[in-house]
Amino acid sequence: MIDLTRREVLRLGGIALGSAIVGPSLLGCDFHFADPPLLSLARPEPGLAVAELRAAAAKLSVAERPARVLAYGGSYPGPVIRVRAGETLRLGFTNDLAEETNLHFHGLHLDPAVDDPFLHVHPGERHVYELAIPWDAQGTYWYHPHVHGRVAVQLFAGLAGAIVVDPLEEIPGLAAAEDHVLVLKDITLVGEAVASHTAMDWRTGKRGALSLVNGQTARVLSTTAGLLRLRLLNASNARFYRLRLEGLPMLQIASDGGLLERPVERTEIALAPGERAELLVPVVRSGFFWLRDFGCGASSGMGGPGPGTCGTGGGEDLLLIAASGAVPPPELPSRLVTIPRLDPTAARERQELTLADGMMGGGGMMGGGGMMGGFTINGRTFDPDRTDVRGTLGATALWQVTNAGMMHHPFHLHTYAFQVVDRNGVPEPVRAWKDTVDLAPGDTVRLVVRYGDFGGRTVFHCHIPEHEDQGMMGVLAV
Ligand code: C2O
Ligand code: CU
Ligand code: CU
């Protein structure tokens, strides 16, 4: 058992301790970090996992106080769906909300006929999703609602959960790591209720006043392990994180679409809404180590969302790692997986997309949106019946995406993972499978995509759901 120093305890979540004597008793469950619950799966035959998930209003403890939220499986955030590569997940989903919803499996390479953003599950209905988890899938993904116009409110109220796909064979150096899921998700509570959206929130994206990990304020993760694997998911509507871990090395081993080719040492990890990263933390000494966020916080105003634009401050405490008696592994894996390089010069299909948020410098309003502050892609708002981009099954395509607006817009594509070729002409240093990439105002990124395995209609959009709900989304038909 670890004794916290008085100073460390006082910094934990602003809990008023008065002159309480600090000791092991404070390390009861009240102070302990907890992973989200696991969704229980039945495996009635080899290769098949079966589970039920329900979306419903629920009164739960969020940030250590009673809160009336929307919840998957009665928990905030939702339970972790942990499956194995190559198996089929038969997920019965019941909508017990008072409005339409559905599920989207963000980042997983699934047939768009199954992972269908156009499907509506009506109140009281049950829909069975049958997901063929790809053989080569591994990594951290997530699920959330995708009914156009309702995503921002449902996501902010709590509907989000992580998906972990375990590989067929774990890399030896990773198998020994103590594995945790950290869902970074903010919320604002007014009494017990989730705060509703203001007009300003519909412009900037709603940022919550409480920055939580797994629905809790800053907690203690006590460990005796020599190696931690932290799976980070940004499930917030509009909070951009810049994470630092003080006192221990931090190696990034995975991004959106699973493992990188080799661990990359980081001093800071930036996560835009929708993005994931996995960290390997060798516990090279014992002591207390804070994971902190140096992103925007909740206080930035109009036009200011995004990393680096939101002022100073010493960072917001997210998690305290309390390490004792750890013996770090003598050697970390130097190679993880091989990521085939998608060659942009071989791309026979090309797309150019311009994102606008109605706050153009110089030229006034962008056409198409019709209203002040229209959120558009190539001047148009979302129309589910229109096809914006056509692709050919099996082809490789180069997408050039430009942010002509004044805010950050994290650009997300369903179904097909991509590789970032360059940003403003600067080649991307680390090869990775991505599904979400943040664009600062003025940025141009080039992405290379392969339309593999499935044709169909799917979508791309800004992952600030307020922008998506107001039309910053398009249809890709392959
Ligand atoms: Cu996580 Cu279409 O989104
Ligand atoms: Cu998605
Ligand atoms: Cu946006």
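Further up the page is the structure itself.
Rules behind the numbers
- Residues numbered from 1 in each chain as written.
- Chains lettered and ligands numbered in written order.
- Predicted model: local features only at pLDDT ≥ 70, side-chain atom pairs only at ≥ 80, totals over all residues.
- Heavy atoms only, no water.
- Helix = DSSP H or I, 4+ residues; strand = E, 2+ residues; numbered from the N terminus.
- Buried < 20%, exposed > 50% of the residue type's maximum accessible area, 1.4 Å probe, protein only.
- Polar contact = N/O pair within 3.5 Å; in protein donor to acceptor, adjacent residues only side chain to side chain.
- Contact = heavy atoms within 4.5 Å.
- Donors = N, O, S within 2.8 Å, 3.2 Å for Na, K, Ca; no water.
- Pairing = 2+ DSSP bridges.
- Axes fitted to C-alpha atoms, helices over the stretch in contact; angles between N-to-C directions.
- Core = buried A, V, L, I, M, F, W, Y, C linked by side-chain atoms within 4.5 Å.
- Domains from an automatic or database assignment.
- Phe/Tyr/Trp six-rings, centres within 6.5 Å; stacked < 30°, edge-to-face > 60°.
- Salt bridge = Lys/Arg side-chain N within 4 Å of Asp/Glu carboxyl O.

Asks: Even after reading the chapter, I still don't get the side chain of T436, so can you show me in this structure?
Replies: Among the secondary structure elements, T436 is positioned in strand 30 (residues 436-439). The exposure class assigned to T436 is buried, which follows from its relative accessible area of 0%. Separated by 3.3 Å, the side chains of T436 and H412 make a polar contact. Discounting chain neighbours no more than four positions away, the residues touching T436 are H106, D256, P273, G274, E275, P410, F411, H412 and F418.

Asks: Explain the coordination of the copper ion (ligand 2) here, please?
Replies: For a metal with four donors in a tetrahedral arrangement, the ideal angle between donors is 109.5 degrees, while six donors in an octahedron ideally sit at 90 or 180 degrees. Each protein donor to the copper ion (ligand 2) is listed here as H104 (NE2) and H412 (NE2); together their distances run 1.9 Å. With a gap of 308 residues between them, H104 in strand 6 (residues 104-106) and H412 in strand 27 (residues 409-413) connect regions that are remote in the sequence. On the basis of relative accessibility, which here comes to 0%, the residue H412 falls in the buried class.

Asks: What is the right way to read the sheet that holds strand 21 (residues 287-293) from this model?
Replies: Through backbone hydrogen bonds, the strands of a sheet pair up, either in parallel or in antiparallel fashion. Strand order in this open sheet of 5 strands is 14-22-21-16-19, and the pairing throughout is mixed. Each edge of the sheet is formed by a strand with only one pairing partner; in this case those strands are strand 14 (219-223) and strand 19 (269-271). The mean angle between the axes of side-by-side strands here comes to 20°, regardless of whether they run parallel or antiparallel. With 7 bridges joining them, strand 21 and strand 22 (residues 316-323) adopt antiparallel strand pairing.

Asks: It is not clear to me how the nonpolar core should be interpreted in this structure. Could you clarify?
Replies: Where a protein is soluble and globular, its nonpolar side chains tend to be buried together. Within the largest apolar cluster, 30 residues are counted, with the highest numbers of intra-cluster contacts made by W399, V401, F411, L447, Y451 and F460. When contributions to this core are tallied by element, the ones reaching two or more residues are strand 23 (349-356), strand 26 (396-403), strand 27, strand 28 (418-423), strand 30, strand 31 (444-450) and strand 32 (457-462). Both domain 2 (172-323) and domain 3 (344-477) contribute no fewer than three residues apiece to this core. The residues touching F411, leaving out its near neighbours within four places in the chain, are L353, L355, W399, V401, F418, D435, T436, V437, L439, L447, F460 and H461.

Asks: Can you walk me through the environment of A323 in this structure?
Replies: With respect to the helices and strands, A323 occurs in strand 22. In this structure A323 touches T223, V283, R285, S286, G287 and F289, once residues within four positions along its chain are discounted.

Asks: Teacher, can you tell me more about the sheet that holds strand 10 (residues 178-187) here?
Replies: With mixed pairing, 6 strands are arranged side by side in an open sheet as 13-10-15-20-17-18. The open sheet has two free edges, formed respectively by strand 13 (210-213) and strand 18 (258-266), since each of these has just one partner strand. Between one strand and the next, the sheet's axes are offset by a mean angle of 25°, whatever the strand orientation. Both strand 15 (residues 227-234) and strand 20 (residues 276-282) contribute to a ladder of 7 bridges, which runs antiparallel. Looking at the pairing, R229 lines up with L280 of strand 20.

Asks: Honestly, the coordination of the copper ion (ligand 3) in this entry has me stumped. Any pointers?
Replies: Here the copper ion (ligand 3) is held by the protein donor atoms H409 (ND1), C462 (SG) and H467 (ND1), which lie 2.0 to 2.1 Å from it. Of note, the copper ion (ligand 3) draws all its donor residues from one chain, in the sequence arrangement H-x52-C-x4-H. With H409 in strand 27 and C462 in strand 32, this residue pair connects regions lying 53 residues apart in the sequence. Both residues of the pair, H409 and C462, count as buried.

Asks: Help me understand the packing of aromatic side chains, please; the structure alone is not making it clear to me.
Replies: Two numbers describe a pair of aromatic rings. These are the distance of the centres and the angle of the planes. Under the counting rule described, the total for this entry stands at 8 aromatic pairs. Ring geometry for F93 and Y129: centres 6.4 Å apart, planes at 55°, overall tilted. Of the two residues, F93 is situated in strand 5 (residues 88-96) and Y129 in strand 7 (residues 126-132); the sequence distance between them amounts to 36 residues. Look at Y129 and you get buried, because its relative accessible area is 0%.

Asks: Just checking my understanding: could you explain unusual backbone geometry for this structure?
Replies: With the exception of glycine, most residues fall at negative phi, and the peptide bonds are largely trans. Of the consecutive residues Y76 and P77, the connecting peptide bond is found in the cis state with omega at -10°. Within the secondary structure layout, P77 lies in the loop between strand 3 (65-72) and strand 4 (81-84). A positive phi angle is found at N378, which is not glycine, with a value near 50°.

Asks: Is there a simple way to explain the pattern of salt bridges in this structure?
Replies: Close approach of charged atoms allows side chains of opposite charge to pair. Considering all chains together, one arrives at 30 salt bridges under this definition. Between E268 and R244 there is a salt bridge, with its nearest N and O atoms 2.8 Å apart. Remark: R244 occurs in strand 16 (residues 241-245) and E268 occurs in the loop between strand 18 and strand 19; sequence separation between them is 24 residues. A salt bridge links D256 to R276; its shortest N-O distance comes to 3.8 Å. Linking D256 in the loop between strand 17 (250-255) and strand 18 with R276 in strand 20, this pair joins segments that are 20 residues apart in sequence. Pair check on accessibility: D256 and R276 agree, each one buried. Each of R82, D166, E170, D179, R229, R231 and E278 takes part in one network of salt bridges that share partners.

Asks: How should I be thinking about the side chain of S236 in this particular structure?
Replies: For S236, the position within the fold is in the loop between strand 15 and strand 16. Discounting residues that sit within four places of it in the chain, S236 has contacts with L184, K185, D186, Y241 and P273.

So, to be careful, I would describe these as geometric facts and stop short of saying anything about function.
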